[in-house]
Amino acid sequence: MIRRIFALLWTLLLLCAAAGAEQGDAVFPIASSTASSSYTTLYSSSFSTTTLYYNERGLVTSIVESTSGTDPLTRNFFYTYDRLGNPKAVSVARAEDTEGVEAVTFQILNGYEGERVTSVTVQGLNISTVYTVLGSFSGYRDAVFTASNGTYQNRDGRPVSSRVEENGLTHSAAYAWENGRLTRQETLTERNGRLISRLEITFDAVGCPTGAATALLVNGTDTVAGSQRIAYTRTIDAYGTPCLQGHPDAATLSGELSYPFSGAVWQCYLREDGTVRVWSYRGENAGMICEYDARGNIVRLTETDRDSETVTFYSYQYR
């Protein structure tokens, strides 16, 4: 179960990374971002890399993907615009295709209130692709994105909710922000309207996790829930580095589900300005390490469980 929880949190962190740049700037500050991920088990390993290239308004112009044992695949994106300068169509073409192969074009339906875009609808692409390609566009700061399998919503240039239908499951998420920092995230998975799992994590003003609540469908019949606050103390780690070390506060444990809180240890390492540089979680059978750069964008994410490890490095080229 904890592996599933971390997978949901990973999705959140990727969204936060994409939203980390100040989209209110006249020029989108990130020129490209690369995620390089390795997945290792006792029996096998795999590797993948994805690079996104952005134009000065935050639209993705190219995606380059490669996986273990394959050549890189490049997809280029070309846009046409309406009279207000917002995309009305996007064409996708593989750079490796031979000359004469035409790009596939998808129409973008923009809903307006005055000159402000409030909704973006694209048919023929899944919602994750739509949001990856269009979600950072400066003209879509307060828009709801809709595709055939779900929705995403931006507010002030950052994601605040999503809903994705996939393989018979519905994955929903909600995020709260304050002064540009994530303060709360909630992820839910449902099947036919029935809750399968839920995870909520809250963060303090500098980015340390302060509490967690979870629910899980057990044996296909009963939903078991639990929650707990995280209490921190200042300490020195095994390498002599100052940090904040957190343990679940036993006095705040509620509900029937104590796992994965039992025996959990959280650590936060701060920058000189007081913001979080690294935070980590270590439980009985799983763990996570999350590291950020000075701009607040994620640069490393490590997930471990009983028999596997996933490590992802993120790098950015700024304008």
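Details of the structure are given in the entry above.
These figures come from a predicted structure and were not determined experimentally.

1. Details of the overall build of the protein
Here comes step 1: Of the regular secondary structure elements, the protein holds two helices and 22 strands.
Here comes step 2: When burial is assessed residue by residue, the protein has 46% of its 319 residues classed as buried.
Here comes step 3: At a minimum sequence separation of 6, the contacts of the protein that also span at least 24 residues come to 35%.
Here comes step 4: Of the roughly 16,100 Å² of accessible surface on the protein, a fraction of 50% belongs to carbon and sulfur atoms.

2. Describing the nonpolar core
Here comes step 1: By size, the foremost hydrophobic cluster in this structure holds 53 residues, and its most contacted members are Val 120, Leu 134, Tyr 140, Phe 145 and Trp 279.
Here comes step 2: The greatest single-element share of this core, amounting to five residues, is contributed by helix α2 (residues 127-134).
Here comes step 3: The contact partners of Leu 134, leaving out residues within four places of it in the chain, are Leu 59, Tyr 79, Ile 108, Val 120, Val 122, Tyr 140 and Phe 145.

3. Concerning the packing of aromatic side chains
Here comes step 1: According to the stated counting rule, one finds ten aromatic pairs in the structure shown.
Here comes step 2: Here the aromatic rings of Tyr 140 and Phe 145 are separated by 5.7 Å at their centres, their planes lie at 85°, and the arrangement is edge-to-face.
Here comes step 3: With a relative accessible area of 0%, Tyr 140 lands in the buried category.
Here comes step 4: Linked through ring pairs, Tyr 131, Phe 137, Tyr 140, Phe 145 and Tyr 152 together constitute an aromatic cluster.
Here comes step 5: A cation sits over an aromatic face here: Arg 158 above Trp 177, 5.0 Å from the ring centre.
Here comes step 6: One Lys or Arg, Arg 295, reaches over the ring of Tyr 318 and ends 3.7 Å from the middle of that ring.

4. Focus: unusual backbone geometry
Here comes step 1: Positive phi, close to 50°, is recorded for Asn 167, a residue that is not glycine.
Here comes step 2: Here Asn 167 lies in the loop between β10 (158-166) and β11 (169-178).
Here comes step 3: Accessibility expressed as a relative area gives 77% for Asn 167, which makes it exposed.
Here comes step 4: Even without glycine at this site, Asn 192 takes up a positive phi of about 55°.
Here comes step 5: Checked against the element boundaries, Asn 192 lands in the loop between β12 (181-191) and β13 (194-203).

Calculation criteria
- Residues numbered from 1 in each chain as written.
- Predicted model: local features only at pLDDT ≥ 70, side-chain atom pairs only at ≥ 80, totals over all residues.
- Heavy atoms only, no water.
- Helix = DSSP H or I, 4+ residues; strand = E, 2+ residues; numbered from the N terminus.
- Buried < 20%, exposed > 50% of the residue type's maximum accessible area, 1.4 Å probe, protein only.
- Contact = heavy atoms within 4.5 Å.
- Areas by Shrake-Rupley, 256 points an atom, 1.4 Å probe, with all protein chains shown as cover.
- Core = buried A, V, L, I, M, F, W, Y, C linked by side-chain atoms within 4.5 Å.
- Phe/Tyr/Trp six-rings, centres within 6.5 Å; stacked < 30°, edge-to-face > 60°.
- Lys NZ or Arg CZ within 6 Å of the ring centre and 35° of its normal.

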